[in-house]
Amino acid sequence: MTPHPRPLLAAAWMLGALIAFSTMAVAGRAVVPELDSFELMMYRSFIGLAIILAIGLVFGKLSEVRFHNLKLHGLRNLGHFTGQNLWFTALPLIPLAQLFALEFTSPIWVVIFAVLFAGEKVTGIRVLAVALGFVGALLVARPGLEGDSFGLILAAASANVFAVSIVTTRVLTRTESISGILFWLTAMQAVFGMITTGWDGDIAWPSLAVWPWVFLVGIAGLVAHTCLTNALAVAPATIVTPMDFMRLPAIALIGALFYNEAINIWVLAGALVIFAGNYLNIWVETRKHVS
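Please read these numbers as outputs of a predicted model, since none were measured by experiment.

### Some words on the overall build of the protein chain
Inference 1: Along the protein chain, the regular secondary structure elements total twelve helices and zero strands.
Inference 2: Each helix and strand of the protein chain, ordered N terminal to C terminal, gives the series α-α-α-α-α-α-α-α-α-α-α-α.
Inference 3: The C-alpha extent of the protein chain, read off along each of the three principal axes, is 50 × 50 × 35 Å.
Inference 4: Within the protein chain, counting contacts between residues at least 6 apart in sequence, those at least 24 apart form 90% of the total.
Inference 5: For the protein chain, the computed accessible surface area is about 14300 Å², with 73% contributed by carbon and sulfur atoms.
Inference 6: Both charge centroids of the protein chain, one from 15 positive and one from 14 negative side chains, sit 16 Å from each other.

### Some words on the environment of Ala 131
Inference 1: Relative to the elements of secondary structure, Ala 131 occurs in helix 6 (residues 124-141).
Inference 2: Looking at Ala 131, the relative accessible area reads 36%, which means it is partly exposed.
Inference 3: For Ala 131 and Gly 277, which are 146 residues apart along the polypeptide, the C-alpha to C-alpha distance reads 7.7 Å.

### Things to note about the layout of surface pockets
Inference 1: Roughly 340 Å³ of volume is contained in the second largest pocket.
Inference 2: What lines the second largest pocket is a set of 17 residues, and nearest its centre among them are Ile 52, Ile 55, Ile 178, Ser 179 and Leu 182.
Inference 3: Those elements that provide at least two residues to the lining of the second largest pocket are helix 2 (37-59), helix 8 (178-198) and helix 9 (211-234).
Inference 4: A breakdown of the residues in the lining of the second largest pocket according to their chemical character gives eleven nonpolar, five polar and one charged.

### A look at the packing of aromatic side chains
Inference 1: Enumeration according to the criterion identifies 14 aromatic pairs in this entry.
Inference 2: On the numbers, 5.6 Å between centres and 65° between planes, the contact of Phe 81 with Phe 192 is edge-to-face. With Phe 81 in helix 3 (residues 70-90) and Phe 192 in helix 8, this residue pair connects regions lying 111 residues apart in the sequence.
Inference 3: Taking relative accessible area as the criterion, Phe 81 reaches 4% and is therefore assigned buried.
Inference 4: Centre to centre, the rings of Trp 87 and Phe 88 are 5.3 Å apart; their planes meet at 85°, and the pair counts as edge-to-face. Comparing Trp 87 with Phe 88 shows no difference in burial state: the two are buried.
Inference 5: Ring pairing ties together the aromatic residues Tyr 43, Trp 205, Trp 211 and Phe 215, which thus form one cluster.
Inference 6: Geometry around Tyr 259 places Arg 29 over its ring, the cationic atom sitting 4.7 Å from the centre.
Inference 7: One Lys or Arg, Arg 247, reaches over the ring of Phe 21 and ends 3.9 Å from the middle of that ring.

### Structural notes on helix 6
Inference 1: With 18 residues, helix 6 extends 26 Å between its outermost C-alpha atoms, agreeing within 8% with the 26 Å of an ideal straight helix rising 1.5 Å per residue.
Inference 2: Here helix 6 has its buried residues at Arg 126, Ala 129, Val 130, Gly 133, Gly 136, Ala 137, Val 140 and Ala 141. Buried positions in helix 6, seen along its axis, are confined to an arc of 125° and lie on one side of it. Every exposed residue of helix 6 that faces more than 90 degrees away from the buried side is listed here: Gly 124 and Leu 138.
Inference 3: After helix 6 finishes, the residue Arg 142 shows a positive phi value of roughly 45°.

### So, the pattern of salt bridges
Side chains that differ in charge, positive against negative, can pair when their charged atoms come close.
Inference 1: In this structure the tally under the stated criterion is four salt bridges.
Inference 2: Across the pair Lys 61 and Glu 64 runs a salt bridge, and its minimum N-O distance is 3.5 Å.
Inference 3: Overall, Glu 64 belongs to the partly exposed group, its relative accessible area being 27%.
Inference 4: Notably, a salt bridge pairs Glu 103 with Arg 247, separated by 3.6 Å at the nearest N-O pair. Taken together, the residues Glu 103 in helix 4 (residues 96-103) and Arg 247 in helix 11 (residues 247-259) connect sequence positions 144 residues apart. The pair Glu 103 / Arg 247 is uniform in exposure class, with both members buried.

### Concerning a nonpolar patch on the surface
Inference 1: On the surface, a nonpolar cluster with roughly 550 Å² of combined accessible area is contributed by Phe 46, Val 191, Met 194, Ile 195 and Trp 199.
Inference 2: Per-element tally for the nonpolar patch: the top contributor is helix 8, with three residues.
Inference 3: Summarising the element assignment, Val 191 is placed in helix 8.

Cut-offs applied
- Counting restarts for each chain: residues are numbered from 1 in the order of the written sequence.
- Where local features are concerned, this predicted model is filtered to residues with pLDDT of at least 70; where side-chain atom pairs are given and counted, the filter is 80 or more; whole-chain, interface and lining totals use all residues.
- The side-chain values count all of the structure's non-hydrogen atoms but skip hydrogen atoms and water molecules.
- Numbered from the N terminus, helices here are DSSP runs of H or I no shorter than four residues, and strands are runs of E no shorter than two.
- Whether two residues touch is decided by their heavy atoms; if any such pair falls within 4.5 Å, the residues are in contact.
- Computed with the Shrake-Rupley method and a 1.4 Å probe, the accessible areas treat only the protein chains shown as cover for residues.
- Lys and Arg are tallied as positive, Asp and Glu as negative. Neither His nor the chain termini are counted.
- Here the site of a charge means atom NZ of a Lys, CZ of an Arg, CG of an Asp or CD of a Glu.
- For the exposure calls, accessible area comes from a 1.4 Å probe over protein chains only, and a residue counts as buried if that area is under 20% of its type's maximum, exposed if over 50%, partly exposed in between.
- Only protein atoms enter the 1 Å grid used here, on which a cavity is any set of points holding a 1.4 Å probe that cannot leave and a pocket is any open set flanked by protein within 12 Å on both sides along at least five of seven lines; residues with an atom within 4 Å of a point are listed as lining.
- Grid points are joined across faces, edges and corners, and a volume is the space filled by probe spheres set on the points.
- Asp, Glu, Lys and Arg are counted as charged, while Ala, Val, Leu, Ile, Met, Phe, Trp, Tyr, Cys and Pro are counted as nonpolar; the rest, among them Gly, fall into the polar class.
- Classification of ring pairs uses Phe, Tyr and Trp, with its six-membered ring standing for Trp, and accepts pairs whose centres are within 6.5 Å; under 30 degrees between planes counts as stacked, over 60 as edge-to-face, and the remaining range as tilted.
- Two thresholds decide whether a charge sits over a ring: the Lys NZ or Arg CZ must be within 6 Å of the ring centre and within 35 degrees of the ring normal.
- Expected helix span is taken as 1.5 Å per residue step, with the number of steps being one fewer than the number of residues.
- The arc in question is traced by the directions running from the helix axis to the C-beta atoms.
- The term salt bridge refers to a side-chain nitrogen of Lys or Arg lying within 4 Å of a carboxyl oxygen of Asp or Glu.
- Think of a patch as exposed residues, more than 30% relative accessible area, with no salt bridge, where like charges cluster within 9 Å and nonpolar side chains (Val, Leu, Ile, Met, Phe, Trp, Tyr) cluster within 5 Å.

This is the structure we're talking about:
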């Protein structure tokens, strides 16, 4: 029997995710002038790994770390590492609202990848959901009319690669614990970070003024994913997804208050269209499983 969803508890988790994602964006902007995205990801991953190991030792969770699915963990974390680097690189180039809105196209790419690589059926609703997603993305980006073109391309590409991470995470959660997934997330990405950062033999060490922001990025990223995962554990995606989209008006307000970024009606309109496509697909899929 499916447990009754607990929307208030899910809302509490999503409030934590909203605060954490917004904190990571603000802290990331403070770090970017001094560290490149590879360096930031390396330090973030080591901070996250230290936290995971400490929690695992205290609560006896390290026994949940398993080694039998390393190829899938590797694919998942390579996708996330690539997407996060693209995201951090785009962060100082375009307004925060544009960045977050384009990130929300990831579920649309998940639908496409599920059809192309997982053999799932093409339905009219899925085609409509994808179409709405791309129309929304065009409204947000308005190619050639507004924003830094390179930054917009990076943000859109990050959403594409994040979709690979989402699909593989779905598969991993069937057999892996959250602790195990988070351990390999931080451990593998720390290695990826060392390789990409040390490739040219020049690794920047953060200044004393930047270290607090680096720690904030590491902690906020881990908290955000933990909150989002727990929200999905206590309530269905049809409840969690609208809450997740509250990140957009929140980050638009932060951009206006702290970075003097205008609240663009086209970004908000495009985000609503993207949301409609995502929610329509989730709602139809949920109804299938209920009926």
